[in-house]
Amino acid sequence: MAVTRIYHYLNTDVADPRTKDWSLIDNPLIIVLLSSMYLYIVLRLGPRYMKNRPAYGLSTFIKFYNSFQIAANALVIYHTVAAGWFEINSWYCISADFARTPRNDKIIAMMWYLLLLKLVDYIETIVFVLRKKQRQVSFLHLYHHISTVLINWFIVKYQPHAMVMMVVVVNCGIHVIMYTYYLLASFGPSMQKLLNPVKPFITIMQIGQFIFLILHQMQSFTTDCTGVKLLSGMMNVNLTINLILFINFYRKNYTKKSKRQ
């Protein structure tokens, strides 16, 4: 059948032979199913379950979760650098490299571990639902989490090359700072009051990373940058959507609020 041939072509023939048979990568339905379950839980099942129940505190779990995120994102950065990323990294284009080398294998492994970490991020939204913080389950929040998982899966499946690691290192660095803020804020109202002046800068940093990464990935479209245009194009579309959503969030929550005050 034509559909079967197309599926085999997309899932096997054009996939990176180094990763196409890896767990979570070999079958796209796994990621689609996990993401669909996530949406169903946070939009339907969770709110129904919590409708007539008091909100859970989960303060200990939140501290553990934030600590885990700090350590996990820092480890991704550490192991990426230890794998030799700085040796091949450039502020300019890095053409696609599909050779089987120890350095490439380690970098690809970090991309796979990052995909796992982005799936773990889904837990954050479930915590919002259990704490009856449904307002935080916004379109921005859901789009950001799901698009990140799907883009990461695509990277590992088709184009796990070093130029993408600039996005990984910068994003993980932002997440270390962000989850450190969340960890400190989880210690109660007095700490949150101290941190209030810092809160807008977390969003500003996220906006800044999107702008920087969009500019960095645009180099892929120069004539001497080969094998990365499709992926960089996809990433720039996603980064631009995130940039618009985060700017809108900042204006709504900080700019307009300061004007009212």
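The rules behind each value
Residue numbers restart at each chain and count upward from 1, following the sequence in its written direction. Owing to the predicted nature of the model, reporting of local features is limited to residues with pLDDT of at least 70; listing and counting of side-chain atom pairs is limited to 80 or more, with chain, interface and lining totals taken over all residues. To get the side-chain values, take all heavy atoms of the structure and skip hydrogens and water. For helices the rule is a DSSP run of H or I covering at least 4 residues; for strands it is a run of E covering at least 2, with both sets numbered from the N terminus onward. For this measure, only C-alpha atoms enter the radius of gyration; the expected value for a globule follows 2.2 Å times N^0.38, where N is the number of residues. Per-residue accessibility, obtained with a 1.4 Å probe over protein chains only, is compared with the maximum for each type, and a residue is labelled buried under 20%, exposed over 50%, and partly exposed between these values. Only heavy atoms matter for contacts: two residues are in contact if any of them lie within 4.5 Å across the pair. Each accessible area value is a Shrake-Rupley result obtained with a 1.4 Å probe; residue values ignore everything except the protein chains displayed when judging cover. Counting rule applied: Lys, Arg positive; Asp, Glu negative; His and chain ends not counted. Charge placement uses NZ in Lys and CZ in Arg. For Asp and Glu, CG and CD serve respectively. UniProt positions are given in the numbering used here, feature names are shortened, and annotations may be inferred rather than shown by experiment. By convention in these notes, a salt bridge is any Lys or Arg side-chain nitrogen within 4 Å of a carboxyl oxygen on Asp or Glu. Given the number of residues in a helix, its expected span is that number minus one, multiplied by 1.5 Å. Between N-to-C directions, angles cover 0 to 180 degrees, with each direction set by a line fitted to C-alpha atoms, over the stretch in contact for helices. Roughly parallel means an angle under 35 degrees; roughly antiparallel means over 145; roughly perpendicular covers 65 to 115; every other angle is labelled oblique. By the convention adopted, Pro, Cys, Tyr, Trp, Phe, Met, Ile, Leu, Val and Ala count as nonpolar, Lys, Arg, Asp and Glu as charged, and the other residues, Gly among them, as polar.

Draft legend 1. Representation of the overall build of the protein within the structure. Across its full length, the protein carries 11 helices and 0 strands. Each helix (α) and strand (β) of the protein, taken in turn from the N terminus, gives the series α-α-α-α-α-α-α-α-α-α-α. By the compact-globule yardstick of 18 Å for 261 residues, the protein fits well, its C-alpha radius of gyration being 20 Å. Within the protein, the fraction of its 261 residues that count as buried is 44%. The long-range share in the protein, meaning contacts at least 24 apart out of those at least 6 apart in sequence, stands at 81%. Of the roughly 14400 Å² of accessible surface on the protein, a fraction of 68% belongs to carbon and sulfur atoms. Across the protein, the centroid of the 26 positively charged side chains sits 23 Å from that of the 10 negatively charged ones.

Draft legend 2. Region of interest: unusual backbone geometry. Backbone geometry places L24, a non-glycine residue, at a positive phi of 75°. With respect to the element layout, L24 can be found in the loop between α1 (2-13) and α2 (28-50). On the basis of relative accessibility, which here comes to 13%, the residue L24 falls in the buried class. Although it is not a glycine, L58 adopts a positive phi angle of roughly 60°.

Draft legend 3. Fine view of the UniProt feature "transmembrane region" (unreviewed entry) in the protein. In the numbering used here, UniProt assigns the "transmembrane region" (unreviewed entry) feature to residues 24-43, 64-86, 106-130, 137-156, 162-185, 197-218 and 230-250. Taken end to end, residues 137-156 comprises 90% helix and 0% strand; its first and last C-alpha atoms sit 28 Å apart. Across residues 230-250, the secondary structure splits into 100% helix and 0% strand, with the terminal C-alpha atoms separated by 30 Å.

Draft legend 4. Structural view of the pattern of salt bridges. All chains considered together, the criterion is met by 2 salt bridges. With its nearest N and O atoms 2.7 Å apart, the salt bridge here joins R18 to D16. Given a relative accessible area of 6%, R18 falls into the buried group. In this structure, K118 engages D121 in a salt bridge whose closest nitrogen and oxygen atoms are separated by 3.8 Å. Taking relative accessible area as the criterion, K118 reaches 3% and is therefore assigned buried. Given the relative accessible area of 3%, D121 is considered buried.

Draft legend 5. Focus on the side chain of Q206. When you line up the elements, Q206 lands in helix α10 (residues 199-217). On the accessibility criterion, Q206 (9% relative accessible area) is buried. Ignoring any residue separated from it by four or fewer positions in sequence, one finds Q206 in contact with I174, M178 and F246.

Draft legend 6. Highlighting helix α7 (residues 139-158). An ideal rise of 1.5 Å per residue puts 28 Å on 20 residues; α7 measures up with 28 Å between its terminal C-alpha atoms. In terms of burial, α7 is largely enclosed, as 17 of its 20 residues are buried.

Draft legend 7. The arrangement of the side chain of K157 in detail. Relative to the assigned elements, K157 resides in helix α7. Despite being buried, K157 has no salt bridge partner; D21 is the closest side chain of opposite charge, sitting 6.7 Å away. Beyond its immediate stretch of four places on either side in the chain, K157 contacts N11, A15, D16, T19, K20, I25 and D26.

Draft legend 8. Representation of the packing of α2 against α7 in the model. One way to put it is that α2 packs onto α7 with a least axis distance of 11 Å and a crossing angle of 170°. Comparing the axis directions of α2 and α7 gives the class roughly antiparallel. Across the interface between the two elements, P28, I31, S35, Y38, L39, V42 and L43 of α2 pack against H141, L142, H145, I146, V149, L150 and W153 of α7. Its residues placed into classes, the contact of α2 with α7 shows 11 nonpolar, 3 polar and no charged.

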